[in-house]
Amino acid sequence: MAELSEALLSVLPSIRVPKAGDRVHKDECAFSFDTPESDGGLYICMNTFLGFGKQYVEKHYQKTGQRVYLHLKRTRKPKEEDTNSSAGDPPRKKPTRLAIGVEGGFDITEEKFEYDEDVKIVIFPEHLDIPRDGLEGLPDMVRDRIASAVEAILTADSASRKQEVQAWDGEVRRVSKHAFSLHQLQNDVRIPPCGWKCSKCDMRENLWLNMTDGSILCGRRYFDGSGGNNHAVEHYRETGYPLAVKLGTITPDGADVYSYDEDDMVLDPNLAEHLAHFGIDMLKMQKTDKTMTELEIDMNQRIGEWELIQESGVQLKPLYGPGYTGIRNLGNSCYLNSVMQVLFSIPDFQRKAKLGHGLLSGEYSKPASAEGEQPPDQKGMQNGIAPRMFKSLIGKGHPEFSTNRQQDAQEFFLHFINMVERNCRSSENPNEVFRFLVEEKLKCLATEKVKYTQRVDYIMQLPVPMDAALNKDELLEYEEKKRQAEEEKQPLPELVRAKVPFSSCLEAYGAPEQVDDFWSTALQAKSVALKTTRFASFPDYLVIQIKKFTFGLDWVPKKLDVSIEMPEELDISALQGTGLQDGEEEMPDIAPPLVTPDEPKGSLGFYGNEDDDSFCSPHFSSPTSPMLDESVIIQLVEMGFPMDACRKAVYYTGNSGVEAAMNWVMSHMDDPDFANPLVLPGSSGPGSTIACPDPPSEDSVATIVSMGFSRDQAMKALRATNNSLERAVDWIFSHIDDLDAEAAMDISEGRSAAESISESVPVGPKVRDGPGKYQLFAFISHMGTSTMCGHYVCHIKKDGRWVIYNDQKVCASEKPPKDLGYIYFYQRIPS
């Protein structure tokens with residue numbers, strides 16, 4: 001005890017009690033994915049509160065001199081059923097959201113297990129172990145100080161838990177506005193504990209109790225014919241009584257409450273009181289019917305897409321070992337899991353991050369429990385890795401990826417690419433495997449003159465021409481049967497999915513696109529143009545997004561239910577760009593002026609007096625100036641985007657319509673100047689000067705330089721585009737000839753090689769050009785009606801076989817659904 005007391009006294013000054021602002025990393029190692037459940041447990045530094053796996057804690061001690069660590073080791077075991085629980089005991093909370101791994105959503109693992117926890121203090125370098133209950137006999141001051149620190153660490157919210165709280169997305173049921181003022185009729189209605197039936201039909205399930213008059217009525221009819229006969233909602237229309245509770249979902253923990261007035265599932269804090277009015281005791285009720293969330297899950301799974309994509313209809317063989325590591329769902333993070341599994345199957349990315357080691361080492365690719373202990377629905381489940389720190393880092397500051405909401409995998413892929421671009425300035429950039437140049441040709445039909453531009457891209461967006469479907473007759477027949485079934489309130493017919501040939505999608509991509517109201521610099525007036533898109537280079541890895549998600553006439557996002565047989569091998573050599581051809585004449589490079597119809601001078605979002613014409617370009621009064629399409633601006637503003645951003649979207653897309661402007665908005669939402677007023681090229685004055693009020697940021701300059709441009713070119717481009725990083729790169733491509741001429745002039749004027757070296761390098765980003773022949777090696781699939789909900793999985797071809805990665809489940813694929821994918825990854829075939 002004397003030796004122990006002496007050791008603890010020597011480290012006592014370094015032991016801290018975590019305060020409110022401290023982040024306690026007790027879930028994950030800072031350098032690996034070791035957790036308290038790992039074989040070696042997790043060591044938490046009792047000074048910095050950083051967590052370390054067994055192989056890293058010694059290194060941390062040697063580097064920092066911190067000697068005392070709290071060691072956590074948890075051993076998982078199946079949860080024992082409580083056979084002595086009474087019927088009135090509160091059940092586990094039921095899901096209230098169509099989500100995985102988030103508060104209110106479905107928890108796929110944790111409730112099936114409980115843990116034995118071992119806690120001890122470890123002092124380095126002696127490796128002196130002190131059990132948590134082994135502090136007796138120490139001086140009171142030492143014992144109290146250490147016990148307080150240990151208790152505070154164990155009870156503190158972990159850093160990842162705090163991040164989850166900060167990322168709370170608010171997507172929960174709200175308290176109904178009627179909850180505290182609901183009028184209930186004094187009609188002596190008493191509801192029995194069971195045996196309910198709709199008062200207007202023979203339905204005995206999907207029954208709703210109106211909490212104003214006590215009427216029991218059936219629910220809505222679902223699109224597939226199941227559900228009820230709409231009697232509950234019809235009763236609301238007749239009476240205006242707003243709140244109803246679903247019978248069969250009432251438990252001591254709550255129930256499904258729907259507000260017809262608010263048209264949403266809601267919370268009723270006074271539910272127990274409202275039910276007691278009709279003689280219902282919540283504490284004695286048991287769940288006998290499915291909640292609305294469970295029904296929605298079932299509905300999605302019945303569509304067929306879920307079963308096909310997840311291959312849930314067959315028993316798949318689990319895979320373990322290096323390269324076969326699952327990723328835990330951290331709360332609707334399947335989009336991240338699928339994208340990262342594919343990226344870290346590419347050698348250029350494998351060497352770049354802690355995540356790569358976690359996925360490829362095989363250290364975490366082990367069964368979550370012994371084969372005999374796994375429940376049937378958990379068969380093949382791995383321990384996997386939980387990339388909490390990675391998700392926090394990659395989403396930091398982003399309005400969507402910092403939340404727990406479901407996201408679009410394609411948008412996350414591009415966000416990740418952008419993050420890599422910003423942070424690979426002085427080292428090898430793995431993004432080069434995806435980077436390619438797009439050649440766009442615009443041909444003015446009035447003058448026959450052309451304009452060629454190039455831009456950088458990382459993904460090929462492939463349109464889906466539904467009119468090219470091979471089974472049009474079947475689709476028409478299905479739509480007619482569906483319409484009749486809905487009218488007659490009958491079950492819907494079996495789904496018929498459109499079958500569109502891949503060749504038709506490729507033809508649609510390469511076909512000329514008509515651009516109406518195009519501002520022709522050759523005419524200095526509006527014209528009609530044809531736009532043709534081609535590849536100026538072919539990347540090592542070609543990423544293809546199938547544009548399944550679109551907007552309806554009401555601007556509500558919808559998903560095209562389509563089957564496209566993607567080829568195993570792909571040749572896009574025919575889409576190679578040609579550049580300016582003999583006999584073609586280029587349009588002059590002049591930026592269009594700006595006019596908004598029915599708007600007085602001086603009030604276009606710039607500064608100045610409305611009566612002072614000095615702030616307005618002379619072009620505004622020109623009869624040939626292009627007009628900003630006010631109807632498009634209004635549509636964008638009504639969708640919630642800033643007015644100035646909408647003006648710029650219409651301006652920079654040349655009045656090409658709502659879709660083009662919307663695409664511009666979506667691709668520029670992260671620009672720092674997104675909502676700033678439009679700045680006119682070549683204008684002067686306080687509000688319209690093109691000059692940047694602030695010098696270009698070093699981050700933006702470094703990013704452009706890392707793409708192969710010179711610093712001088714980066715500075716000029718950023719100044720010319722008001723510090724917009726994306727537009728600056730496009731500006732360089734459209735001014736290549738000018739930049740080359742300036743570089744030649746500098747050399748002719750006698751500048752030294754050192755002074756002119758940056759201007760004499762080839763203009764353009766670093767791209768890996770090669771043959772346009774590819775082979776499919778991975779694809780990401782989405783299940784659900786929108787990118788904002790549902791689930792993602794990915795299939796990757798490894799060692800000659802297809803493997804499905806479904807969060808923590810990694811299995812050999814029996815029938816990869818290559819026709820239902822959302823994002824496809826092709827690898828160049830070596831020539």
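All of these numbers come straight from a predicted model, not from anything done at the bench.

Quick look at the overall build of the protein chain
Part 1 of the argument: Secondary structure assignment for the protein chain yields 23 helices and 27 strands.
Part 2 of the argument: Expressed as a percentage of its 831 residues, the buried residues of the protein chain come to 50%.
Part 3 of the argument: On the protein chain, roughly 39,500 Å² of surface is accessible, and the fraction owed to carbon and sulfur atoms is 51%.

Structural notes on the nonpolar core
Part 1 of the argument: Met340, Phe413, Phe434, Ile780 and Phe825 are the most contacted members of the largest nonpolar core, which totals 61 residues.
Part 2 of the argument: Once residues lying within four places of it in the same chain are set aside, the contact partners of phenylalanine 434 are Leu343, Ile346, Phe349, Phe413, Ile417, Asp457, Tyr458, Pro539, Tyr541, Val543 and Phe825.
Part 3 of the argument: With 33 residues, the next largest nonpolar core counts Met211, Cys218, Ala244 and Tyr258 among its residues.

Let's talk about the sheet that holds strand E10 (residues 257-259)
Part 1 of the argument: Judged by pairing direction, the sheet is mixed, and its six strands sit side by side in the order E6-E11-E10-E9-E7-E8 without closing on themselves. Here the strands that pair on one side only, and so sit at the sheet edges, are strand E6 (174-175) and strand E8 (216-218).
Part 2 of the argument: Two strands pair when backbone bridges link them, and E10 and strand E11 (residues 264-267) are joined in this way by three bridges, in the antiparallel orientation. Bridging across to E11, tyrosine 258 finds its partner in methionine 265.

A few points about the sheet that holds strand E13 (residues 450-457)
Note on sheets: strands pair through backbone hydrogen bonds, and any given pair is parallel or antiparallel.
Part 1 of the argument: As summarised here, the arrangement of the four strands in space is E13-E12-E17-E16, forming an open sheet in which the pairing is antiparallel. Bordering the open sheet on either side are E13 and strand E16 (513-520), each of which pairs with just one other strand. When the angles between neighbouring strand axes are averaged without regard to direction, this sheet yields 35 degrees.
Part 2 of the argument: Two strands pair when backbone bridges link them, and strand E12 (residues 436-444) and strand E17 (residues 525-535) are joined in this way by seven bridges, in the antiparallel orientation. Along E17, the bridge assignment pairs cysteine 444 with alanine 529.

Here's the deal with a nonpolar patch on the surface
Part 1 of the argument: Together, Val175, Phe180 and Leu267 make up a nonpolar patch on the protein surface, roughly 300 Å² of accessible area in all.
Part 2 of the argument: Of note, leucine 267 is situated in strand E11.

Focus: the environment of proline 18
Part 1 of the argument: With respect to the element layout, proline 18 can be found in the loop between helix H1 (2-11) and strand E1 (42-45).
Part 2 of the argument: Overall, proline 18 belongs to the buried group, its relative accessible area being 14%.
Part 3 of the argument: Other than its neighbours up to four places away in sequence, proline 18 contacts Val24, Phe49, Ala149, Ala152 and Ile153.

Comments concerning the pairing of strand E7 (residues 207-210)
Successive residues of a regular strand alternate their side chains across the two faces of the sheet.
Part 1 of the argument: Covered by surrounding structure in E7 are Leu207 and Leu209 together with Trp208 and Asn210, the residues of both alternating faces.
Part 2 of the argument: Pairing analysis gives three bridges linking E7 to E8, with the strands arranged antiparallel. Considered in E8, the bridge of leucine 209 is made with isoleucine 216.
Part 3 of the argument: Following E7, the chain reverses through five residues before pairing antiparallel with E8; glycine 214 in that reversal takes a positive phi of roughly 80 degrees.
Part 4 of the argument: In terms of strand pairing, E7 meets strand E9 (residues 243-246) through three bridges, oriented antiparallel. Paired with asparagine 210 across the bridge in E9 is alanine 244.

Thoughts on the packing of aromatic side chains
Part 1 of the argument: The full count for this structure, using the stated rule, is 25 aromatic pairs.
Part 2 of the argument: Their ring planes at 80 degrees and their centres at 6.0 Å tell us that phenylalanine 413 and phenylalanine 825 sit as a pair that is edge-to-face. Note that phenylalanine 413 is positioned in helix H13 (residues 409-423) and phenylalanine 825 in strand E27 (residues 823-828), a separation of 412 residues in sequence. For the pair phenylalanine 413 and phenylalanine 825, one class covers both residues: buried.
Part 3 of the argument: With 5.5 Å between their ring centres and 70 degrees between their planes, tyrosine 541 and phenylalanine 777 make a pair best called edge-to-face. In this pair, tyrosine 541 is assigned in strand E18 (residues 541-546) and phenylalanine 777 in strand E23 (residues 773-783), connecting sequence segments 236 residues apart. The residues tyrosine 541 and phenylalanine 777 share a single accessibility class, namely buried.
Part 4 of the argument: Put simply, the rings of Phe349, Phe390, Phe413, Phe416, Phe434, Tyr541, Phe777 and Phe825 touch in pairs and so form one group of aromatic residues.
Part 5 of the argument: We note lysine 798 situated over the ring of tyrosine 324; from NZ or CZ to the ring centre the distance is 5.7 Å.

Brief notes about the packing of helix H17 (residues 643-652) against helix H18 (residues 658-668)
Part 1 of the argument: In contact at an axis separation of 8 Å, H17 and H18 are set at 120 degrees when each is read in the N-to-C sense. One finds that H17 runs oblique with respect to H18. In the crossing of H17 with H18, the sense of the turn from one axis to the other is right-handed. Contacts between H17 and H18 involve Ala645, Lys648, Ala649, Val650 and Tyr652 on the former and, on the latter, Ala661, Trp664 and Val665.

Overview of the pattern of salt bridges
Part 1 of the argument: Within this structure, the stated rule accounts for 29 salt bridges.
Part 2 of the argument: Across the pair arginine 67 and glutamate 126 runs a salt bridge whose closest N-O atoms are separated by 3.0 Å. With arginine 67 in the loop between helix H2 (54-64) and strand E3 (68-78) and glutamate 126 in the loop between strand E4 (113-123) and strand E5 (128-131), the pair connects residues that are 59 residues apart, well separated along the chain.
Part 3 of the argument: Between glutamate 568 and lysine 797 there is a salt bridge; the shortest N-O distance is 4.0 Å. Of this pair, glutamate 568 sits in the loop between strand E21 (562-563) and strand E22 (569-571) while lysine 797 sits in strand E24 (residues 791-798), placing them 229 residues apart in sequence.

Some details on the packing of helix H9 (residues 334-343) against helix H12 (residues 388-395)
Packed helices, taken two at a time, are described by their axes: the angle between them and the distance between them.
Part 1 of the argument: Contact geometry of H9 with H12 gives a least axis separation of 12 Å together with a crossing angle of 95 degrees. By the angle between their directions, the pair H9 and H12 is classed as roughly perpendicular. Across the interface between the two elements, Tyr335, Leu336 and Met340 from H9 touch Phe390, Lys391 and Ile394 from H12.
Part 2 of the argument: Each residue belonging to the contact of H9 with H12 can be placed in one class, and the counts come to five nonpolar, no polar and one charged.

A short note on unusual backbone geometry
Part 1 of the argument: Cis peptide bonds are those with omega within 30 degrees of zero, and the linkage from phenylalanine 124 to proline 125 qualifies with 0 degrees.
Part 2 of the argument: By the secondary structure assignment, proline 125 is in the loop between E4 and E5.
Part 3 of the argument: Unlike most non-glycine residues, asparagine 206 shows phi in positive territory, near 55 degrees.
Part 4 of the argument: Topologically, asparagine 206 is positioned in the loop between E6 and E7.
Part 5 of the argument: The backbone of asparagine 230 sits at a positive phi, close to 70 degrees, despite the residue not being glycine.
Part 6 of the argument: Tracing the sequence through the fold places asparagine 230 in the loop between E8 and helix H5 (231-239).

Notes on the confidence of the model for the protein chain
Part 1 of the argument: Here the protein chain averages 79 in pLDDT, while 77% of its residues score no lower than 70.
Part 2 of the argument: Of all secondary-structure elements in the protein chain, the lowest mean pLDDT belongs to helix H23 (residues 753-760), at 35, while E27 reaches the highest, 97.
Part 3 of the argument: Here residues 594-626 is modelled with pLDDT under 50, and outside its nearest four sequence neighbours on either side it reaches 55 contacts, counting other chains as well.
Part 4 of the argument: Across residues 744-763, confidence stays below pLDDT 50; counting only partners more than four residues off in sequence or on other chains, it has 16 contacts.

Some words on H5
Part 1 of the argument: Those residues of H5 not exposed but buried are His231, Ala232, Val233, His235 and Tyr236.
Part 2 of the argument: The inward-facing, buried residues of H5 abut E7 and E8.
Part 3 of the argument: Within two residues after H5, glycine 240 carries a phi angle of roughly 80 degrees, on the positive side.

Topic: the pairing of E18
Part 1 of the argument: In terms of residue burial, E18 counts as a mostly covered element, since six of its six residues are buried.
Part 2 of the argument: In E18, alternate side chains face the same way, and those of Tyr541, Val543 and Gln545 on one face and Leu542, Ile544 and Ile546 on the other are all buried.
Part 3 of the argument: Examined bridge by bridge, strand E14 (residues 460-462) and E18 share three bridges and lie parallel to one another. Pairing of methionine 460 across the sheet is with isoleucine 544, part of E18.
Part 4 of the argument: When E18 meets E27, the two strands line up antiparallel, connected through five bridges. Its bridge partner lying in E27, leucine 542 is registered against tyrosine 826.

Conventions adopted
- Per chain, residue numbering runs from 1 following the sequence as it is written.
- Under the rules for a predicted model, residues below a pLDDT of 70 receive no local features and side-chain atom pairs below 80 are neither given nor counted, while totals for whole chains, interfaces and linings still include all residues.
- With hydrogens and water stripped out, all remaining heavy atoms of the structure feed into the side-chain values.
- The helix count covers DSSP runs of H or I at least four residues long, the strand count covers runs of E at least two residues long, and both are numbered beginning at the N terminus.
- Only protein chains enter the accessibility calculation, which uses a 1.4 Å probe; a residue whose area is less than 20% of its type maximum is buried, one above 50% is exposed, and one in between is partly exposed.
- Method for areas: the Shrake-Rupley scheme with a 1.4 Å probe, in which residue coverage is limited to the protein chains shown.
- We call a set of buried residues a nonpolar core when its members are Ala, Val, Leu, Ile, Met, Phe, Trp, Tyr or Cys and they connect through side-chain atoms within 4.5 Å of each other.
- The contact criterion used throughout is that any non-hydrogen atoms of two residues lie within 4.5 Å.
- Here, strands pair whenever DSSP counts at least two bridges between them.
- To obtain each axis, a line is fitted to C-alpha atoms, and for helices this fit is confined to the stretch in contact; angles are then taken between N-to-C directions over 0 to 180 degrees.
- Candidates for patches are residues over 30% relative accessible area with no salt bridge; among them, like charges are joined within 9 Å and nonpolar side chains (Val, Leu, Ile, Met, Phe, Trp, Tyr) within 5 Å.
- In the sections that follow, a salt bridge refers to a side-chain nitrogen of Lys or Arg positioned within 4 Å of a carboxyl oxygen of Asp or Glu.
- In this analysis, rings of Phe, Tyr and Trp, with Trp reduced to its six-membered ring, are considered paired at centre separations within 6.5 Å, and the interplanar angle assigns stacked below 30 degrees, edge-to-face beyond 60, and tilted for intermediate values.
- For a Lys NZ or an Arg CZ to count as sitting over a ring, it must be within 6 Å of the ring centre and within 35 degrees of the ring normal.
- For this classification, under 35 degrees means roughly parallel, over 145 means roughly antiparallel, 65 to 115 means roughly perpendicular, and everything else is oblique.
- For any pair of crossing helices, the crossing counts as left-handed if the nearer helix is rotated counterclockwise from the farther one by less than a right angle, and right-handed if it is rotated clockwise.
- Each residue receives one of three labels: charged for Asp, Glu, Lys and Arg, nonpolar for Ala, Val, Leu, Ile, Met, Phe, Trp, Tyr, Cys and Pro, and polar for the others, Gly being one of them.
- Confidence of the prediction at every residue is given by pLDDT, a number between 0 and 100.

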